[in-house]
There are 2 protein chains.
Amino acid sequence: SIQRAQWVKSITHCQKEHLSARLLSEDLPVDFLSSVTCQVCDHLLSEPVQSPCRHLFCRSCIAKYMFSLGPHCPTCTLPCTPADLTTPAKAFLKVLHSLLLFCPRESCRERVQLDSFRTHCLGHQLEEEARGGKLLEKSLDNFLPVNKGG
Amino acid sequence: SIQRAQWVKSITHCQKEHLSARLLSEDLPVDFLSSVTCQVCDHLLSEPVQSPCRHLFCRSCIAKYMFSLGPHCPTCTLPCTPADLTTPAKAFLKVLHSLLLFCPRESCRERVQLDSFRTHCLGHQLEEEARGGKLLEKSLDNFLPVNKGG
Ligand SMILES: [Zn+2]
Ligand SMILES: [Zn+2]
Ligand SMILES: [Zn+2]
Ligand SMILES: [Zn+2]
Ligand SMILES: [Zn+2]
Ligand SMILES: [Zn+2]
Ligand SMILES: [Zn+2]
Ligand SMILES: [Zn+2]
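Keep in mind that this is a model prediction, so the values were computed, not measured.

What follows covers the interface of chain B and chain A. In this complex, chain B contributes 19 residues to the contact, which on the side of chain A involves 19 residues. In total, about 1800 Å² of surface goes out of reach between chain B and chain A, with carbon and sulfur atoms giving 65% of it. It is Pro29, Asp31 and Arg54 of chain B in chain B that bury the most area against chain A; as a group they hold 30% of the surface buried on that side. At the boundary of chain B with chain A, the tally comes to zero salt bridges. The interface formed by chain B and chain A holds six residue pairs in polar contact (both at pLDDT 80 or more) in total. Going through the elements one at a time, helix H2 (30-35) and helix H4 (90-97) of chain B are the ones with two or more residues in the side of chain B that touches chain A. When residues of the side of chain B that touches chain A are assigned to their parent elements, the largest contribution, five residues, is made by H2 of chain B.

Structure below.
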């Protein structure tokens, strides 16, 4: 229900930490898209864990969900405790980590693998800070007396 | 419904042509598994095509389905004609073709990529025929007069 969905969102608080599925190319098959998104928060799976019923969730989402709503699977309601959670099959993790995301910077728009996306974005941030630093230097140049040597 | 499911099976007739999802490693997440199987025949997708609602089917399954049951999507019943079908995104096809299947021969059990699985199995068949040929040669040796030369 929508009510439960809203309740779940108010539990997870992961908007700033997890990546949106909208970063993926838009024409992917819907069932494939939902297989790489968290069944609790709808973001791209972040550190996914698998229930005994083989449903997937972000590690942090399922922990918060169980703490608030009890020991069962959010997708199919079968019993599931934190101790029942396992790491998904390597073959699946490889698919997840190889997903190509579009960099949201307008000046870039590169396609970057999920597992190097954070590093890529950090690069933009550092560039910007460096540019900010240079701009600052330049503006200081205009105001500080220049020692022309000697 | 089960009735429709049986009706669909009696339309597709693809048991001998398509590959079973049971050839995949057993611990894959269920939603991922269903994203690589045909929504009509439940086999691993064979020459997949995508509806405008972004659901996937084997090319042959959706053709037979529409011919028998009309121009709509088998998964969500939205309108869909043969002309609306497109090729799925390359990123998805790469995932599908890279799936590792277990060779069902007891003497082999290798993990083989989906896109080279038929070649792999044909190899076994040729080996067997060659062995059969040798066995035949041997058994003929016992019955044919041997020309000991000279
Ligand atoms: Zn999230
Ligand atoms: Zn999540
Ligand atoms: Zn479940
Ligand atoms: Zn970028
Ligand atoms: Zn089939
Ligand atoms: Zn099919
Ligand atoms: Zn559909
Ligand atoms: Zn084999």
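Okay, back to it.
Moving on: helix H1 (residues 2-12) of chain A. All names here are of chain A. Every buried residue of H1 is listed here: Val8, Ile11 and Thr12. End-on, the buried residues of H1 take up no more than an arc of 85 degrees, which puts them together on one face. Exposed residues pointing more than 90 degrees away from the buried face of H1 are listed as Ile2, Gln3 and Gln6. Contacts from the buried residues of H1 go to helix H3 (59-69). Histidine 13 sits one or two residues past H1 and shows a positive phi near 50 degrees.

Residue and element names in this part refer to chain A. At the metal site, the zinc ion (ligand 1) is ligated by Cys14 (SG), His18 (ND1), Cys41 (SG) and His43 (ND1), and these contacts range over 2.1 to 2.3 Å. With four donor atoms in place around the zinc ion (ligand 1) and angles of 98 to 122 degrees between them, the coordination shape is tetrahedral. In this structure, the zinc ion (ligand 1) is positioned 3.6 Å from the zinc ion (ligand 2), and both are ligated by cysteine 41. On the criterion of sequence distance, the pair formed by histidine 18 in the loop between H1 and helix H2 (30-35) and cysteine 41 in the loop between H2 and strand E1 (48-50) is long-range, its members being 23 residues apart. Cysteine 41 gets classed as buried once you look at its relative accessible area, which sits at 3%.

What follows is about helix H4 (residues 90-98) of chain A. All names here are of chain A. Those residues of H4 that sit buried are Phe92, Leu93, Val95 and Leu96. Along the long axis of H4, the arc covered by the buried residues comes to 160 degrees, so they all point the same way. Facing away from the buried side of H4, by more than 90 degrees, are the exposed residues Lys90 and Lys94.

Next up on the list: unusual backbone geometry. All names here are of chain A. Phi angles above zero are rare outside glycine, and aspartate 42 is one such case at about 70 degrees. Its place among the elements puts aspartate 42 in the loop between H2 and E1. Phi angles above zero are rare outside glycine, and glutamate 47 is one such case at about 50 degrees. With respect to the secondary-structure elements, glutamate 47 resides in the loop between H2 and E1. What makes glutamate 47 exposed here is its relative accessible area of 56%.

Let's shift gears to the layout of surface pockets. Estimates place the volume of the largest pocket at around 560 Å³. Taken together, 24 residues form the lining of the largest pocket, with Val95 and Ser98 of chain A together with Lys94, Val95 and Ser98 of chain B sitting closest to its centre. Of all elements in the fold, only H4 and strand E4 (111-113) of chain A together with H4 and strand E4 (111-113) of chain B reach the threshold of two or more residues within the lining of the largest pocket. Per element, the largest residue contribution to the lining of the largest pocket is four residues, and it comes from H4 of chain A. Broken down by class, the residue content of the lining of the largest pocket amounts to 14 nonpolar, six polar and four charged. Estimates place the volume of the second largest pocket at around 250 Å³. Around the second largest pocket sit 15 residues that line it, and Leu19, Leu45, Ser46, Leu114 and Arg118 of chain B are the ones nearest its centre. For the lining of the second largest pocket, the elements supplying multiple residues, two or more each, are H4 and helix H5 (117-143) of chain B. When residues in the lining of the second largest pocket are grouped by element, the largest group, three residues, is from H5 of chain B. In terms of residue class, the lining of the second largest pocket is built from six nonpolar, five polar and four charged. Counting contributing residues per domain, the lining of the second largest pocket is built from domain 1 (1-97) and domain 2 (100-143) of chain B, each supplying no fewer than three.

In this section: the coordination of the zinc ion (ligand 3). Metal coordination angles have textbook ideals: 109.5 degrees for a tetrahedral set of four donors and 90 or 180 degrees for an octahedral set of six. Residues and elements named next belong to chain A. The coordination sphere of the zinc ion (ligand 3), as far as protein atoms go, consists of Cys53 (SG), His55 (ND1), Cys73 (SG) and Cys76 (SG), spread over 2.1 to 2.3 Å. What the four donor atoms of the zinc ion (ligand 3) show is an angle range of 102 to 115 degrees at the metal, which sorts the shape as tetrahedral. Read N to C, the donor residues that coordinate the zinc ion (ligand 3) are spaced as C-x1-H-x17-C-x2-C.

Rules used throughout
Residues numbered from 1 in each chain as written. Chains lettered and ligands numbered in written order. Predicted model: local features only at pLDDT ≥ 70, side-chain atom pairs only at ≥ 80, totals over all residues. Heavy atoms only, no water. Contact = heavy atoms within 4.5 Å. Buried area = accessible area lost by both parts, 1.4 Å probe. Salt bridge = Lys/Arg side-chain N within 4 Å of Asp/Glu carboxyl O. Polar contact = N/O pair within 3.5 Å; in protein donor to acceptor, adjacent residues only side chain to side chain. Helix = DSSP H or I, 4+ residues; strand = E, 2+ residues; numbered from the N terminus. Buried < 20%, exposed > 50% of the residue type's maximum accessible area, 1.4 Å probe, protein only. Arc of directions from axis to C-beta. Donors = N, O, S within 2.8 Å, 3.2 Å for Na, K, Ca; no water. Tetrahedral: all angles 85-135°; square planar, octahedral: opposite > 155°, others 65-115°. 1 Å grid on protein atoms, 1.4 Å probe; cavity = no way out; pocket = protein on both sides within 12 Å on 5 of 7 lines; lining within 4 Å. Points joined across faces, edges and corners; volume = space filled by probe spheres on them. Nonpolar A, V, L, I, M, F, W, Y, C, P; charged D, E, K, R; others polar. Domains from an automatic or database assignment.

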